Amino acid sequence: MEHGYEGAHFSRGEDGYEEARRQAVWNARTPARFPAEIVIAEGQSDVIRAVKSAAENDYIIGVRSGGHSWAGNHVREGGLLLDVSRMRAIEVQAQAMTATVEPGCLGNELLAELAEDDLFFPAGHCPGVALGGYLLQGGYGWNGRVHGPACMSVEAIDVVKADGSLVHADSQQNSDLFWAARGAGPGFFGVVTRFHVRLQRRPQVVANAVYLYPADVLDEVFAWAHEIGPLIARTMELMLIVHRLDDGELEIAVTGPVLVDSEQEAAEALAVLQSCPVLARAKLAEPHISVSLADLYAGVHVAYPDEHRYGTDNMWTHASIEDLLPGLHRIAETMPPAPSHMLWMNWGPGTTPAPARPPMAYSVEDDTYIAVYGVWQDQAHDEANTAWATERMRELEPHASGIQLADENLGRRPARFVSAENLTRLDELRAIHDPHGRFHPWMGRPDQLAG
């Protein structure tokens, strides 16, 4: 046991420090920022001790749950990096359809455990994503169009405040902390040690469709995807992925995973994808494939492989397809080699209304989500590929309504991630609950763009 922690503690320069720093970021492009100390917590008592120690040393704290932050927001220069990734306990109350999870719990592992009781949670699309950061920033996961962002399924939290005290927060007690935790993302001013979440019944059928189109029908495919939004079942996640093949040729993949309760419901949802006006140009057309959730995770993992370097950016939009197409062409034409790609996802419209959003910090979303992902391994391409993602989104800024924090690039391109009203309230709450600035804020703010 070192320094009174059950887990590990490293000061900069000590053996093990650099390995702990690098392992705290899933992106192989580890930022050149060096905390003064790193604590890898084994449990809640370590978290409390670390926060109190930070106050004694006047350290600012960055918190890591799973490390999937593309920007490595939690790894800052100086201060304390508090790694809670080992805190992965899951307690399921099957009859009540609730669970208590620690922040290091991986979403795909939670789903596997819930399946034993025929239960479900809208966990993240990528394997390896821990629930801590995922839930704080909103949470876009499987059947998120049905249940809303996953933070809507959080009913309470246990949180260590800046003074080291542990409190329980829900809609009745410490409600301002609860409000902030659902959407503040990496700017949250506390350390959540447990999330108390509401569960759903597990969908009985998982199905998908896959269509591959050549790049010369990009206009037609995206115009069609934009138009059919209101015709898409809320159970479908319509995604268009533009990427390069190994020979450099551009390709458009159209997929529509559905998680439903019957084969008939799946078939009805998938049928709309047959309406593409250039269907005859598809190089591959698989209108209905029975799959498992594990298959979906494996497919996502191909697009987001381990041990690669990433540069990302994103936007929400409700702009017309005429306004968006020039930017989409620019993204495609300048795209780095595979596995770099662009994602278009239908989020807003559907055949049924979206669930009502409760009061929470999360407050920016729109009809369509567009994200770009530079993915590479050679360090020599770092600047070019990160600039590609940043500049392509900057060019589309006039048509954007904001960004989501999951794929944020705030350090290079500040953008709107919560409403102006909610950002003001977050600032006010930070002043109350973290008056000494014990926790790092976001790496960029939308109001930096003003004036």
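Attention here is on the structure that accompanies the text. (Residues numbered from 1 in each chain as written. Predicted model: local features only at pLDDT ≥ 70, side-chain atom pairs only at ≥ 80, totals over all residues. Heavy atoms only, no water.)

### Observations concerning the pattern of salt bridges
Then, in step 1: Tallying each qualifying case throughout the model produces 22 salt bridges.
Then, in step 2: With a shortest N-O distance of 3.8 Å, Asp158 and Arg194 are connected by a salt bridge. With a gap of 36 residues between them, Asp158 in strand S8 (residues 154-160) and Arg194 in strand S10 (residues 191-198) connect regions that are remote in the sequence.
Then, in step 3: The class for Asp158 is buried, based on a relative accessible area of 11%.
Then, in step 4: Looking at Arg194, the relative accessible area reads 28%, which means it is partly exposed.
Then, in step 5: Between Glu383 and Arg412 there is a salt bridge, with its nearest N and O atoms 3.4 Å apart. Of the two residues, Glu383 sits in helix H11 (residues 382-396) while Arg412 sits in the loop between H11 and helix H12 (420-433), which places them 29 residues apart along the sequence.
Then, in step 6: Judged by relative accessible area, Arg412 falls into the partly exposed class, the value being 39%.
Then, in step 7: The network of salt bridges with common partners includes Glu18, Arg21 and Arg22. (Salt bridge = Lys/Arg side-chain N within 4 Å of Asp/Glu carboxyl O. Helix = DSSP H or I, 4+ residues; strand = E, 2+ residues; numbered from the N terminus. Buried < 20%, exposed > 50% of the residue type's maximum accessible area, 1.4 Å probe, protein only.)

### Looking at the pairing of strand S14 (residues 250-255)
Then, in step 1: Among the six residues that make up S14, six are buried, leaving the element largely enclosed by the rest of the structure.
Then, in step 2: Neither face of S14 is left uncovered, since the one carrying Leu250, Ile252 and Val254 and the one carrying Glu251, Ala253 and Thr255 both have all their residues buried.
Then, in step 3: Where strand S12 (residues 205-214) lies against S14, five bridges are found, and the strand directions are antiparallel. The partner of Tyr211 across the bridge, within S14, is Val254. (Pairing = 2+ DSSP bridges.)

### Some points on the pairing of strand S17 (residues 309-317)
Then, in step 1: The buried fraction of S17 is high, at nine of nine residues.
Then, in step 2: Neither face of S17 is open: one carries Arg309, Gly311, Asp313, Met315 and Thr317, the other Tyr310, Thr312, Asn314 and Trp316, and all of them are buried.

### Topic: the sheet that holds strand S5 (residues 90-93)
Then, in step 1: Strand order in the open sheet formed by five strands is S5-S6-S10-S8-S9, with antiparallel pairing between adjacent strands. Both edges of this open sheet fall to S5 and strand S9 (166-169), since each of them pairs with a single strand only. Going from strand to strand, the sheet's axes swing by 15° on average, the running direction of each strand aside.
Then, in step 2: Relative to S10, S8 runs antiparallel, the two being bridged by six bridges. Bridge pairing links Ala156 to His196 in S10.
Then, in step 3: Against the sheet, helix H2 (residues 44-57) makes contact with S8, S9 and S10, and its axis sits at roughly 140° relative to S10, the strand it touches most. (Axes fitted to C-alpha atoms, helices over the stretch in contact; angles between N-to-C directions. Contact = heavy atoms within 4.5 Å.)

### Looking at the packing of aromatic side chains
Then, in step 1: Under the counting rule described, the total for this entry stands at 15 aromatic pairs.
Then, in step 2: Ring plane angle 80° and centroid distance 5.3 Å describe the contact between Phe222 and Trp344, whose orientation is recorded as edge-to-face. Of this pair, Phe222 sits in helix H7 (residues 218-227) while Trp344 is found in strand S18 (residues 341-346), placing the two residues 122 residues apart along the sequence.
Then, in step 3: Judged by its relative accessible area of 1%, Trp344 is buried.
Then, in step 4: An angle of 85° between the planes, with centres 5.0 Å apart, marks the rings of Tyr304 and Tyr373 as edge-to-face. Remark: Tyr373 occurs in strand S19 (residues 368-376) and Tyr304 occurs in the loop between helix H9 (293-303) and S17; sequence separation between them is 69 residues. When sorted by exposure, Tyr304 lands in the same class as Tyr373, which is buried.
Then, in step 5: Ring pairs connect the aromatic residues Trp26, Trp70, Tyr304, Tyr310 and Tyr373, which therefore count as one cluster.
Then, in step 6: One cation-aromatic arrangement involves Arg425 over Trp179; the distance from NZ or CZ to the ring centre is 4.2 Å. (Phe/Tyr/Trp six-rings, centres within 6.5 Å; stacked < 30°, edge-to-face > 60°. Lys NZ or Arg CZ within 6 Å of the ring centre and 35° of its normal.)

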